[in-house]
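Results of the structural survey
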Amino acid sequence: MAGGPERKKISLRERLARPGPRKLLAIDGGGIRGVLSLEILRKLETELREASGRPDYRLADYFDYISGTSTGGIIAAGLAIGMSVDEILAFYEESGKQMFEKARLIERLKYQYQSEPLAQMLKKVFGADTTLESDKIETLLLLVMRNATTDSPWPISNNPYAKYNNLAHAGCNLRLPLWQLVRASTAAPIYFPPEVIVVEGRDFIFVDGGITMYNNPAFQMFLMATVDRFWCHAPSQGQGWETGPDKMLIVSIGTGTSPGARDELTPGDMNVLFNATTIPSALMFAALNEQDFLCRVFGDCVAGNPLDSEVDTMIPSVGPHRQKLFRYARYNAELTRGGLDALGCRDVEPKEVQQLDSVEAIPALRKVGRAAATAVKRDHLNLAVFKP
């Protein structure tokens, strides 16, 4: 499904060696709400197609580094192999019900959805034999998952110069199947069973990267693109990328937020069950905002919804550094009643689009995504500097 014979593609090493400003794209996790982010990405792709004058232009032609967590990992991997946004949207619409196929009753004691349909869909899209080193991958790609065996986050990329991507290393990550890494990043507890990946003859159990600090992987991607430690096997032209608002652009795409204010909450309500059901989402929401906040502090923020009533949007850019490290644009939607009303989506019920697994909500999510996409402006990209 990816690309076409008329598209001119360059190898990853050629891309890394060429000079010029760098463009980076990050996509949050969020289950089926990924279709919301895809509508924002579609607007971005349309703007770049018009600016480039090429009707076959893809986001892989523009961005040098694409990162994603969970559902964002599916989208990021699809974009990185040259798929158009419409092709990925079609995948979600056609395969959503299969991906979220209910498990048998007895199996729901362990998890809610089966893994096999999702695994088969990912193999079909990415190829069962496609590894992380495949030349099908046109950009740097970062996928985030959690290694439950070692109790650690696992941000893994196809950077050919990274320490554990050395082909001489017995456990070289580049040999791992792309579909399986994407599946591991999406293995949300309760929804899907964990993914077991064999590294150096040892089984490691992986679960959804959304339960790490990097459900929004934007700032982690920035670190992995600029810190020399991650480029330790690179020649001089492949070391950490230069920083500056005219040398690096980061675009971050959300899948919608739904902060749940509880005005009627009392201390007595906060029992064990309440904490068990609310603390994980509270931590994920805080981590998502922290990544966004870091990007707005260290970057020159040109687009983004208010973070909170104290810091607001941080536009015009503020922070401790006069010299910003990159240009930054963040696009997202608030899925509360007030947020949907502000987007002109008054006929959309918040509960309909807040769920991570409601396939029936795809039309409504797409509508909200199209409304949120109106925030994408060509001047945010500064195309005179960051040319398509």
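Residues numbered from 1 in each chain as written. Predicted model: local features only at pLDDT ≥ 70, side-chain atom pairs only at ≥ 80, totals over all residues. Heavy atoms only, no water.

1. Structural notes on the side chain of Arg366
For Arg366, the position within the fold is in helix α12 (residues 362–373). A relative accessible area of 14% places Arg366 in the buried class. At a separation of 3.1 Å, a polar atom in the side chain of Arg366 contacts the side chain of Glu93. Residues contacting Arg366, with those up to four places away along its chain left out, are Val35, Glu39, Arg42, Leu89 and Glu93. (Helix = DSSP H or I, 4+ residues; strand = E, 2+ residues; numbered from the N terminus. Buried < 20%, exposed > 50% of the residue type's maximum accessible area, 1.4 Å probe, protein only. Polar contact = N/O pair within 3.5 Å; in protein donor to acceptor, adjacent residues only side chain to side chain. Contact = heavy atoms within 4.5 Å.)

2. Some thoughts on the nonpolar core
If you look at the biggest cluster of nonpolar residues, it comprises 80 residues, and the most contacted ones within it are Leu25, Leu41, Leu79 and Tyr92. Sequence-distant contacts of Leu25, defined by excluding residues within four places in its chain, comprise Leu41, Leu59, Phe63, Tyr65, Ile66, Ser67, Leu79, Met221, Val251 and Ile253. Within the second largest apolar cluster, 22 residues are counted, among which are Leu12, Met221, Trp241 and Cys301. (Core = buried A, V, L, I, M, F, W, Y, C linked by side-chain atoms within 4.5 Å.)

3. With respect to the confidence of the model for the protein
Overall, the prediction assigns the protein a mean pLDDT of 87, with 86% of residues at 70 or greater. Contacts from residues 1–5, a stretch scored under 50 in pLDDT, to residues over four places away or in other chains number eleven contacts. (pLDDT = per-residue confidence, 0-100.)

4. Comments concerning helix α2 (residues 34–52)
The α-helix winds at 3.6 residues per turn, so residues separated by three or four positions along the chain end up facing the same way. Taking 1.5 Å of rise per residue, 19 residues should cover 27 Å, and α2 covers 26 Å from first to last C-alpha, within 8% of that figure. Listed as buried for α2 are Gly34, Val35, Leu36, Ser37, Leu38, Glu39, Ile40, Leu41, Leu44, Glu45, Glu47 and Leu48. Phi turns positive one or two residues past the end of α2, at Gly53, with a value near 75 degrees. (Expected span 1.5 Å × (residues − 1).)

5. Quick look at the state of the cysteines
All told, the structure shown has zero disulfides when counted by the stated rule. Looking at the unpaired Cys295, the closest cysteine sulfur is the one in Cys301, lying at 9.0 Å. Looking at Cys295, the relative accessible area reads 0%, which means it is buried. Judged by its relative accessible area of 2%, Cys301 is buried. (Disulfide = S-S within 2.5 Å.)

6. Description of the packing of aromatic side chains
In the structure shown here, the tally under the stated rule is eight aromatic pairs. Ring centres of Tyr65 and Trp241 lie 6.0 Å apart, and the angle between their planes is 85 degrees; this geometry places the pair in the edge-to-face category. Pair noted here: Tyr65 is in strand β2 (residues 65–69) and Trp241 is in the loop between α8 (218–226) and β7 (248–253), with a separation of 176 residues, a long-range link. The same class applies to Tyr65 as to Trp241, namely buried. Seen from their ring centres, Phe219 and Phe222 are 5.4 Å apart, and the 40 degrees between their planes marks the pair as tilted. Pair noted here: Phe219 and Phe222 are both in helix α8, with a separation of three residues, about one helical turn. You can call Phe222 buried: its relative accessible area is 5%. Grouping aromatic residues by their ring pairs yields a cluster made of Phe219, Phe222, Phe298, Phe326 and Tyr328. Of note, Lys23 hangs over the ring of Tyr62, and the distance from its end group to the ring centre comes to 4.7 Å. Positioned over the ring face of Trp179 is Lys123, at 4.7 Å from the centre of the ring. (Phe/Tyr/Trp six-rings, centres within 6.5 Å; stacked < 30°, edge-to-face > 60°. Lys NZ or Arg CZ within 6 Å of the ring centre and 35° of its normal.)

7. Describing unusual backbone geometry
Following Ile315, the chain continues to Pro316 via a peptide bond in cis, the omega torsion being 5 degrees. Its location among the elements puts Pro316 in the loop between β8 (300–303) and β9 (327–331). One non-glycine residue, Ser70, lies in the positive phi region at around 60 degrees. Note that Ser70 resides in the loop between β2 and α4 (71–80).

8. Thoughts on the environment of Val385
Relative to the helices and strands, Val385 resides in the segment after α12. For Val385, the contacting residues outside a window of four places in its chain are Pro21 and Asp246.

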